[in-house]
Amino acid sequence: MRERSSGNINDIHPHTFFAEQDYISPKHWQKEVEGVYVEKGWLNVWVDNKIFFVNEGEMLFISPGAIHSYLNKKDDSIIEIIKFLPEHIYNEAFTEENKRKIRQLFSNIFMVRKNGKLSKIINEITHYEENELSECFIAAKVLELTVFLLKMKELVFNTTQVITNEKTQYLDEIFLYIEDHYREQISLHMMAEHIGITDTYCSRYIKKRTGLTFTDYLTGVRIGKAEELLRKTKKTVTEIVYETGFGSVQTFNRVFKKKKNLTPSEYRSDKMHKK
């Protein structure tokens, strides 16, 4: 997977990556709007217990608070992702009505049909050359994209209301805790104690909000980190084991083979061969 990130530009984050065959991201959510544009190939995205099939040239917008994950079944797809907060693309000069329209637009999950103007705007956002005016340029382009979506309503389809942004007060803490501590030998009890809730409530909460147990979610995060290290570094399997919290090479090999149908060494060899 090739990945490019611009860093923090006015809290708007463009990313470009090649989604690989059978690539799966752990279920997660964020406070920003997430726009997913398929430049090449196609992508399946799980959002709020619904699968969205995004074809080449189409775009999916995921509203803040919606739990989602990426499921891809076509090799060499090129996916463009942008993230932004709606309030960062308008200012006090906007009328309350226009602010409302922008907030309402991005409060739902929706798809956008293939369109040349859409492609042009996304390409300009994700392939800009960073300079001292990048912040202004990206913000202006995301506003242009928003105006385009508001004007070209006939391109918007498959609109769905978010169902998982209610009672998400603990999700951010759970996801952040796992992201910060996946290298360590953490437990459900340790995380629940950190957040300030009971083990039982924490376990049920995670299962209800993500569809996964604590152990399954943690394992998914660790496997994802291991895949990245196998692809992008020359670190040994043993080094990767201890950097991802698996504890032993035997456990890592067994879990990785079960999830990916390849051993870690076979996975690395396969990805190197495809480069």
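Asker: Residues and numbers for the overall build of the chain, please.
Answerer: Across its full length, the chain holds ten helices and ten strands. Taking all 275 residues of the chain together, 47% fall into the buried category. In the chain, of all internal contacts separated by at least 6 residues, the share reaching a separation of at least 24 is 70%. When the accessible surface of the chain is totalled, it reaches about 14100 Å², and 51% of it is carbon and sulfur.

Asker: Could you give an account of the sheet that holds strand β5 (residues 50–55), naming the residues involved and the relevant values?
Answerer: Spatially, β5-β4-β7 is the arrangement adopted by the three strands of the open sheet, whose pairing is antiparallel. For this open sheet the edge positions go to β5 and β7 (68–71), each flanked by a neighbour on one side alone. Across the sheet, the mean angle from the axis of one strand to that of its neighbour is 25°, orientation sign disregarded. Here four bridges tie strand β4 (residues 42–47) to β7, and the two strands are oriented antiparallel to one another. Residue pairing for β7: Asn 44 is matched across the bridge by Leu 71.

Asker: Provide a residue-level description of helix α5 (residues 188–195), including the pertinent values.
Answerer: An α-helical segment advances 3.6 residues per turn. Residues three or four places apart therefore align on the same side. Among all positions in α5, only Leu 188, Met 191, Ala 192 and Ile 195 are buried. With its buried residues spanning 100° around the axis, α5 presents them on a single face. Exposed side of α5, more than 90 degrees from the buried face: Glu 193 and His 194 are the residues found there. Against the buried residues of α5 lie α4 (171–181), α6 (199–210) and α7 (214–232).

Asker: Residue-level account of the confidence of the model for the chain, with values.
Answerer: Do not read the fine detail of predicted coordinates wherever pLDDT is low. For the chain, the mean per-residue pLDDT works out to 84, and 85% of the residues sit at or above 70. Ignoring residues within four places in sequence, the model shows residues 1–11, a span with pLDDT below 50, making 39 contacts including any to other chains. Within the model, pLDDT remains below 50 along residues 18–22, and this stretch shows 24 contacts once partners closer than five positions in the same chain are excluded.

Asker: Would you mind going over the packing of α4 against α6 in detail, with residue names and values included?
Answerer: In the contact formed by α4 and α6, the axes pass within 11 Å of each other and the chain directions differ by 100°. With respect to α6, the axis of α4 lies roughly perpendicular. Facing Leu 171, Ile 174 and Phe 175 of α4, the residues of α6 in contact are Tyr 205, Ile 206, Arg 209 and Thr 210. Residue classes in the contact of α4 with α6 are distributed as five nonpolar, one polar and one charged.

Asker: Can you break down the packing of aromatic side chains residue by residue, with the values?
Answerer: Throughout the structure, instances matching the rule amount to twelve aromatic pairs. With a centroid separation of 6.0 Å and 80° between ring planes, the pair formed by Tyr 170 and Tyr 201 is classed as edge-to-face. Of this pair, Tyr 170 sits in the loop between β10 (156–161) and α4 while Tyr 201 is found in helix α6, placing the two residues 31 residues apart along the sequence.

Rules behind the numbers
Residues numbered from 1 in each chain as written. Predicted model: local features only at pLDDT ≥ 70, side-chain atom pairs only at ≥ 80, totals over all residues. Heavy atoms only, no water. Helix = DSSP H or I, 4+ residues; strand = E, 2+ residues; numbered from the N terminus. Buried < 20%, exposed > 50% of the residue type's maximum accessible area, 1.4 Å probe, protein only. Contact = heavy atoms within 4.5 Å. Areas by Shrake-Rupley, 256 points an atom, 1.4 Å probe, with all protein chains shown as cover. Pairing = 2+ DSSP bridges. Axes fitted to C-alpha atoms, helices over the stretch in contact; angles between N-to-C directions. Arc of directions from axis to C-beta. pLDDT = per-residue confidence, 0-100. Parallel < 35°, antiparallel > 145°, perpendicular 65-115°, else oblique. Nonpolar A, V, L, I, M, F, W, Y, C, P; charged D, E, K, R; others polar. Phe/Tyr/Trp six-rings, centres within 6.5 Å; stacked < 30°, edge-to-face > 60°.

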